[in-house]
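Each chain is listed here by its residues.
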Amino acid sequence: MAVCTRFAPSPTGDLHLGGAWTALASWVWARREGGTHLLRVEDLDSPRVLRDAEERILEDLTWLGLDWDGPVVRQSERSEIYEAALGTLYRKGLIYPCDCSRAEIARVASAPHEGEELVYPGTCRERDRARGMRRTPALRVRMPDEVVGYGDIIQGHFEHDLARDVGDQVLRRGDGVFSYQLAVIIDDVASHVSVVVRGADLLASTPRQIWLARTLGAEPPRYAHVPLVVGPDGTRLEKRNRAPTVRALRKAGMSPERVVGELALGLGLAETNEPITPAALAKACAGRELPWRKEPWRIPLSLVAHS
Ligand SMILES: [Zn+2]
């Protein structure tokens, strides 16, 4: 079967280098084998969605030389599909309402490792359904006491204990917004994505998405997590120290081929930072094992100075 990958930006701002990094990796992955590349806009969290952001991201991708097959998929137009999946899980007895506040969860929950997200302790699992809810409840899924193992094509083998490391996930928030985890796996399965190429910051999402796919009766895709993009000094990119946007590089007079050349070197797809088009890169990568990097990529100063 032909390979199918996707790029899935959130329209919450302009495309930055971290986004371009993932987009290029995903695009080359498919195009070097003549496969399909899809574009999906993850616009469920409407308070954070910016008007025009989608249009600007699409423009910047096109400027870089990246394209996609078929129409752009928008998550905001797919609520019925997510609702139906939630119904399937409900009929399996896996969904329960939860009206715990963030503060209440923080008081009783434990984080599996320092700095990681809290694992919900299951407070509302066995609550009396007849009891009134204090607020519109979120809907959680009962995670089994089960270990999910998977082989990431770039990062290697991982095993996660769903009950201990993940806990019962919110699939629909109290305000009606479907969770990222639910929407993403449903979309990946529905659009027949065969390899999910995305940033290593989403590694922890993978076991729960694999479990959700299987529980919904679908075969999950394979995963390839590209390394994180960090600042020139090796520190994490925070709000204050953000990756330059593609638009800023473009305004500063940089050519798309130069940006792609730097990204290709960083990803391990090229041996130099010679300017190159994505199409030429895909051709150069065809028919060989790719030496993907695993270490975080430090944005070169040449790109920062321009923005
Ligand atoms: Zn609760």
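Just so it is clear, the model here is predicted, and its values are computed rather than measured. Along each chain, numbering runs from 1 in the same order as the chain's sequence is written. Per-residue local features are limited, in this predicted model, to residues with pLDDT of at least 70; the limit for side-chain atom pairs, both in listing and counting, is 80 or more; totals at the level of whole chains, interfaces and linings are taken over all residues. By convention in this description, side-chain values take in all heavy atoms of the structure and omit both hydrogens and water.

Asker: Sorry, what's going on with the domain arrangement of the protein here?
Answerer: Interface size, as often reported, equals the accessible area lost upon joining of the parts. Residue ranges assigned to each domain were obtained from an automatic or database domain assignment. Its domain assignment divides the protein into domain 1 (4-76 + 227-306) and domain 2 (79-183). Computed over C-alpha atoms only, the centres of domain 1 and domain 2 are separated by 31 Å. Residues are treated as being in contact if the distance between any of their heavy atoms lies within 4.5 Å. Listed per partner, the contact involves ten residues of domain 1 and ten residues of domain 2. As used here, buried area is the combined drop in accessible area, with a 1.4 Å probe, of two parts when they are placed together. Both faces combined, the contact of domain 1 with domain 2 buries some 880 Å², and carbon together with sulfur accounts for 57% of it.

Asker: Looking at this structure, I do not really get the coordination of the zinc ion. What am I missing?
Answerer: Ideal geometry at a metal gives 109.5 degrees between four tetrahedral donors and either 90 or 180 degrees between six octahedral ones. For Na, K and Ca the donor cutoff is 3.2 Å, while for all other metals N, O and S atoms must lie within 2.8 Å; water is not among the atoms, so some sites may look incomplete. Distances from the zinc ion to its protein donors, Cys98 (SG), Cys100 (SG), Tyr120 (OH) and Cys124 (SG), fall within 2.1 to 2.3 Å. Coordination geometry of the zinc ion: the four donor atoms subtend angles of 101 to 119° at the metal centre, consistent with an arrangement described as tetrahedral. Donor residues for the zinc ion sit on one chain with the sequence pattern C-x1-C-x19-Y-x3-C. In this pair, Cys100 is assigned in the loop between β4 (95-98) and α4 (102-108) and Tyr120 in the loop between α4 and β5 (138-141), connecting sequence segments 20 residues apart. Labels for metal geometry use angle windows, namely 85 to 135 degrees for all angles of a four-donor tetrahedral site, and for square planar (four donors) or octahedral (six donors) sites opposite donors over 155 degrees apart plus all others within 65 to 115; sites meeting none of these are irregular. Numbered from the N terminus, helices here are DSSP runs of H or I no shorter than four residues, and strands are runs of E no shorter than two.

Asker: Help me understand the environment of Ala190, please; the structure alone is not making it clear to me.
Answerer: You can see Ala190 is positioned in helix α6 (residues 180-190). Residue Ala190 is classed as partly exposed on the basis of its relative accessible area, which comes to 44%. Exposure classes here rest on a 1.4 Å probe applied to the protein chains alone. A residue is buried below 20% of its type maximum, exposed above 50%, and partly exposed in between.

Asker: Looking at this model, I keep getting lost on the packing of helix α1 (residues 17-31) against helix α9 (residues 256-267). Mind explaining?
Answerer: Geometrically, a packed helix pair is captured by the angle between its two axes and the distance between the axes. Between the N-to-C directions of two axes lies an angle of 0 to 180 degrees, each axis being a line fitted to C-alpha atoms and, for a helix, fitted only over the stretch in contact. α9 packs onto α1 with a crossing angle of 70° between their chain directions and a minimal axis gap of 10 Å. By the angle between their axes, α1 is roughly perpendicular relative to α9. Of α9, the residues touching α1 (which contributes Leu17, Ala20, Trp21, Leu24 and Ala25) are Val259, Val260, Leu263, Ala264, Gly266 and Leu267. Ten residue types, Ala, Val, Leu, Ile, Met, Phe, Trp, Tyr, Cys and Pro, are classed as nonpolar, four, Asp, Glu, Lys and Arg, as charged, and the remainder, Gly among them, as polar. A class-by-class count of the residues in the contact of α1 with α9 yields ten nonpolar, one polar and no charged. Our angle categories are set so that under 35 degrees counts as roughly parallel, over 145 as roughly antiparallel, 65 to 115 as roughly perpendicular, and the remainder as oblique.

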